[in-house]
Amino acid sequence: MATFYLLKQPETLARLSKELQDTDAINLSWSALEKLPYLSAVISEALRLAYGVSARIPRIATNENLVYRGQFKGREIEYVIPSGTPMGMSNAINHHNEDVYPDSHTFMPERWLDGEEAQRRQMVNSLTSFSKGSRQCLAMK
């Protein structure tokens, strides 16, 4: 995914190439490469648009009812989800949430660098390419 968008967007490729050349990336350790801001942004954005596992992975609360509280169209809502009800969400839905990722179908690594800290934290928490919680990829734990 990253290669596709980098070739499609020469200015993005040029910015990434400059960061890699300026830091002598060929001779950097893996942990030093992980700290390169634009490289990390390109990888995060590629993962966001690549979805990873696209099927819904159902989760079931077996011993308790779950209460969902939120807002919809400016009003407070509350739903009770009975125990034993399978539920899930696909990465595509999560990664195209316009409230979290405006213009979500556009490859825009800058979104991971710009904005407020709270907004970036929300993007990181909404990135579910390798799942989250107890079912997260073992390599991520």
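Residues numbered from 1 in each chain as written. Predicted model: local features only at pLDDT ≥ 70, side-chain atom pairs only at ≥ 80, totals over all residues. Heavy atoms only, no water.

Remarks on the overall build of the chain
Tallying secondary structure elements over the chain gives 6 helices and 4 strands in all. Counting from the amino terminus, helix and strand elements in the chain follow one another as α-α-α-α-β-β-β-β-α-α. What you see for the chain is a C-alpha radius of gyration of 18 Å, clearly larger than the 14 Å of a compact globule of 141 residues, by over 25%. Dimensions of the chain along its principal axes, counting C-alpha atoms only, are 55 × 35 × 25 Å. Within the chain, the fraction of its 141 residues that count as buried is 28%. Element-wise, carbon and sulfur atoms account for 57% of the exposed surface of the chain, whose accessible area totals about 9700 Å². (Helix = DSSP H or I, 4+ residues; strand = E, 2+ residues; numbered from the N terminus. Rg over C-alpha atoms; globule rule 2.2 N^0.38 Å. Buried < 20%, exposed > 50% of the residue type's maximum accessible area, 1.4 Å probe, protein only. Areas by Shrake-Rupley, 256 points an atom, 1.4 Å probe, with all protein chains shown as cover.)

Observations regarding the environment of Phe4
Inspection of the secondary structure assignment puts Phe4 in helix α1 (residues 2–8). Sequence separation between Phe4 and Ala46 is 42 residues, and the spatial gap between their C-alpha atoms is 9.4 Å.

Remarks on the packing of aromatic side chains
For the structure shown, the criterion picks out 3 aromatic pairs. An angle of 80° between the planes, with centres 5.0 Å apart, marks the rings of Phe4 and Tyr5 as edge-to-face. The buried category is assigned to Tyr5, whose relative accessible area is 14%. Arranged with centres 4.7 Å apart and planes meeting at 0°, the rings of Tyr5 and Phe107 form a pair that is stacked. Note that Tyr5 is positioned in helix α1 and Phe107 in the loop between α5 (91–95) and α6 (117–126), a separation of 102 residues in sequence. We note that Tyr5, like Phe107, is buried. An aromatic cluster of at least three residues, connected via ring pairs, comprises Phe4, Tyr5 and Phe107. Sitting over the ring of Tyr101, Arg48 keeps its end group 5.0 Å from the ring centre. (Phe/Tyr/Trp six-rings, centres within 6.5 Å; stacked < 30°, edge-to-face > 60°. Lys NZ or Arg CZ within 6 Å of the ring centre and 35° of its normal.)

Comments concerning the environment of Leu47
If you trace the backbone, Leu47 turns up in helix α4 (residues 37–50). On the basis of relative accessibility, which here comes to 27%, the residue Leu47 falls in the partly exposed class. Separated by 45 residues in sequence, Leu47 and Ala2 have C-alpha atoms that sit 8.2 Å apart.

Regarding helix α2 (residues 10–22)
With 13 residues, α2 should reach 18 Å at 1.5 Å per residue; the first-to-last C-alpha distance of 18 Å fits that figure. In this fold, the buried residues of α2 make contact with α1 and α4. Immediately beyond the C-terminal end of α2, within one or two residues, lies Asp24, with a positive phi of roughly 55°. (Expected span 1.5 Å × (residues − 1). Contact = heavy atoms within 4.5 Å.)

Here we look at the pattern of salt bridges
Taken as a whole and assessed by the stated rule, the structure comprises 6 salt bridges. Residue Arg69 is joined to Glu78 by a salt bridge in which the shortest nitrogen-to-oxygen separation is 3.1 Å. Owing to a relative accessible area of 49%, Glu78 belongs among the partly exposed residues under this scheme. Salt bridges sharing common partners tie together Glu45, Arg48 and Arg111. (Salt bridge = Lys/Arg side-chain N within 4 Å of Asp/Glu carboxyl O.)

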